[in-house]
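Structure at a glance
Each chain is listed here by its residues.
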Amino acid sequence: MSSHMRAGCILPILCVIPLLVWVPGCTARYEADWTSLDARPLPQWYDEAKVGIFVHWGVFSVPGFGRYSEWFWSWWKTDKVPANVLFMQKNYPPGFEYADFAPEFRAEFFDPNEWADIFKASGARYVVFTSKHHEGFANWPSATSFNWNSMDVGPHRDLVGELAAAVRKKSLHFGLYHSLFEWYNPLYLADRASGFKTQDFVAHKAIPELVDLVTSYKPDLIWSDGDWEAPDTYWNSTHFLAWLYNDSPIKDVVVTNDRWGKGCYCKHGGYYNCADRYTPGKLPDHKWEKCQSIDTLSWGYRRHMKLSELMDLPSIIKDMVYVVALGGNYLLNIGPMSDGMIAPVFEERLRGLGVWLGINGEAIYASKPWRVQTENSTVTVWYTAKNNTVNAIILGWPSKQLLQLAAPRVTGATKVTLMDYPDVPLKWAPLTPTAGLTILMPTMPASPANAWCLKLEGVV
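The sections below set out a description of the structure shown in this document. (Residues numbered from 1 in each chain as written. Predicted model: local features only at pLDDT ≥ 70, side-chain atom pairs only at ≥ 80, totals over all residues. Heavy atoms only, no water.)

1. A look at the sheet that holds strand β9 (residues 380-386)
To keep it simple, the criterion reads: Two strands qualify as a pair provided DSSP detects at least 2 bridges between them. The helix and strand labels rest on DSSP assignments: H or I over at least four residues marks a helix, E over at least two residues marks a strand, and numbering proceeds from the N terminus. Axis lines are fitted through C-alpha atoms, for helices just across the contact stretch, and the angle between N-to-C directions can take any value from 0 to 180 degrees.
Taken in spatial order, the six strands of this open sheet run β8-β9-β10-β16-β12-β13, and their pairing is antiparallel. Strand pairing shows two members of the sheet lacking a second neighbour, β8 (368-376) and β13 (421-425), which therefore form its edges. Averaged over all pairs of adjacent strands, the angle between their axes in this sheet comes to 25°, without regard to strand direction. Pairing geometry for β8 and β9, over five bridges, is antiparallel. Opposite N376, over in β9, you have T380 as the bridge partner.

2. What about the packing of aromatic side chains?
Applied cut-off: Here a Phe, Tyr or Trp ring, Trp counted by its six-membered ring, pairs with any other such ring whose centre lies within 6.5 Å, and the pair is stacked when the planes are under 30 degrees apart, edge-to-face when over 60, and tilted otherwise. A 1.4 Å probe rolled over the protein chains alone gives each residue an accessible area, and that area as a share of the maximum for its type sets the label: buried under 20%, exposed over 50%, partly exposed in between. Placement of a positive charge over a ring is assigned whenever Lys NZ or Arg CZ falls within 6 Å of the ring centre and within 35 degrees of the normal to the ring plane.
Throughout the structure, instances matching the rule amount to 51 aromatic pairs. Taken together, a centroid distance of 5.5 Å and an interplanar angle of 55° make the contact between Y46 and Y126 tilted. Taken together, the residues span a long stretch of sequence, with Y46 in helix α3 (residues 44-49) and Y126 in strand β2 (residues 126-132) at a distance of 80 residues. An angle of 65° between the planes, with centres 6.2 Å apart, marks the rings of W73 and W148 as edge-to-face. Remark: W148 occurs in the loop between β2 and α7 (159-169) and W73 occurs in helix α4 (residues 72-77); sequence separation between them is 75 residues. This pair shows no difference in class: W73 is buried, exactly as W148 is. Looking at R40, its charged tip hangs above the ring of Y245, at a distance of 4.1 Å from the centre. Note that R125 overlies the ring of Y365, its terminal NZ or CZ placed 3.5 Å from the centroid.

3. Considerations on the nonpolar core
The tendency in soluble globular proteins is for nonpolar side chains to be buried side by side. For clarity, the threshold we go by: Buried residues of nine kinds, namely Ala, Val, Leu, Ile, Met, Phe, Trp, Tyr and Cys, make up a nonpolar core once their side-chain atoms join them within 4.5 Å.
F119, F129, W235, F240, L244, M320 and W356 are the most contacted members of the largest nonpolar core, which has 110 residues in total. Among the nonpolar cores identified, the runner-up in size contains 22 residues, and V381, A385, A392 and I439 belong to it.

4. Here we look at unusual backbone geometry
Leaving glycine aside, a negative phi is the common case for residues, and trans is the common case for peptide bonds. Residues other than glycine seldom take positive phi values, yet A107 does so here, at roughly 55°. In this fold, A107 is placed in the loop between α5 (82-91) and α6 (112-121). What makes A107 buried here is its relative accessible area of 0%. In this model, K218 sits at a positive phi of 50°, which is unusual for a non-glycine residue. Within the secondary structure layout, K218 lies in the loop between α9 (200-217) and β4 (221-225). Here K218 falls in the partly exposed class, since its relative accessible area comes to 38%.

5. Thoughts on the state of the cysteines
Let me state the cut-off plainly: In this description, the term disulfide denotes a pair of cysteine sulfurs within 2.5 Å.
Across all of its chains, the model carries one disulfide by this definition. Free cysteine C264: the closest other cysteine sulfur is in C266, separated by 11 Å. With a relative accessible area of 1%, C264 lands in the buried category.

6. Some thoughts on the pairing of β13
Burial of β13 is sparse: only zero of the five residues sit out of reach of the surface. Where strand β12 (residues 410-418) meets β13, two bridges bridge the pair, whose relative direction is antiparallel. Bridge pairing links L418 to Y421 in β13. Count of turn residues in the β12/β13 antiparallel hairpin: two residues.

Spatial relationships are all this shows, so hold off on functional conclusions.
Below is the structure:
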């Protein structure tokens, strides 16, 4: 072990992390500090995957009400949001508590294989599932969450374990979302009252559960959240990550995000989430991910959602293409119902995405940003690059069948094809003597996605 790790184990918190003997000659060790941890290369599978599915599911799916339904408990009890308070007064008896929703979280129609079928059909390459949100309810039989987990109450099933097995059978990567904090856990509230000078919640709850998830389910990705009230020194994040990268059973494959303590996001960790729905205006210099929900008003399921509040397929494709062209990954969220059903409208969106990726995925998976990321000429165009090919993804069909691209520089070997018809070269002419080209587009039927991809070979 490094001196950092040995010194850290004096703290009770780290003694829940099993320590393994380091054999000389093994790969480099990471120290429990951000300089060392941030230097770890991101496992290649993540950058190549590009597209993932986010799943927010928990006891909050039972009331399924209000903007950001996953925040229902806090907005009802702490913030006393009028709509949430009125909802409870009108529909539930006096004295009804949030914990009383848990027995109604039955997941009676939850079929992990059906979920995995839908996720596979979406074209996603990884899935990030809620192990525990801020309400503290564990979707696996957590030994430190007695009677507030999916085995003891509600479904009486190991939801994490079942979905992990089903997703992996489809050859998809499986990741876990995990909230570090819990709104109403007495240990956390006591630590907060101390100004985070005590670490009882971290020692007895947060770290043991993270270690349990890692050792029991071996996730390929940990999507940390709920970190923003306390510094990373309170969470002992650097010590956990040093163990994760050095000695855990997933040390070589695991990917992490950047939410490991107040002020960490967009600075430390693996890839960067930054803020929810992060939308950079130019190419970032660090690997990043945009999480975006089909329901624009909530991550968790809302029983009263309206069609006009959901992203349609063209909006999803447009958002994903922008993200990938700027070097990011796209994590698209759904909130299943409390009974375990995925709303048909969500399924329809995911399958539509998969149909588009089935034709145009070559421009997405394992692609890299090109020297020019976008241009607005005839229509909006986003570029990606892969090997010696440039991909031009167009959002909307050009009028009069003529498409002008200003950025590519043509050569004697330039060839243009539409991914819908990969064996039919398109006619084109130089736009200027030094750059650009005008392409004669074929007659095409309308596309539900309103997006097409041109493969440009022999351009620079």
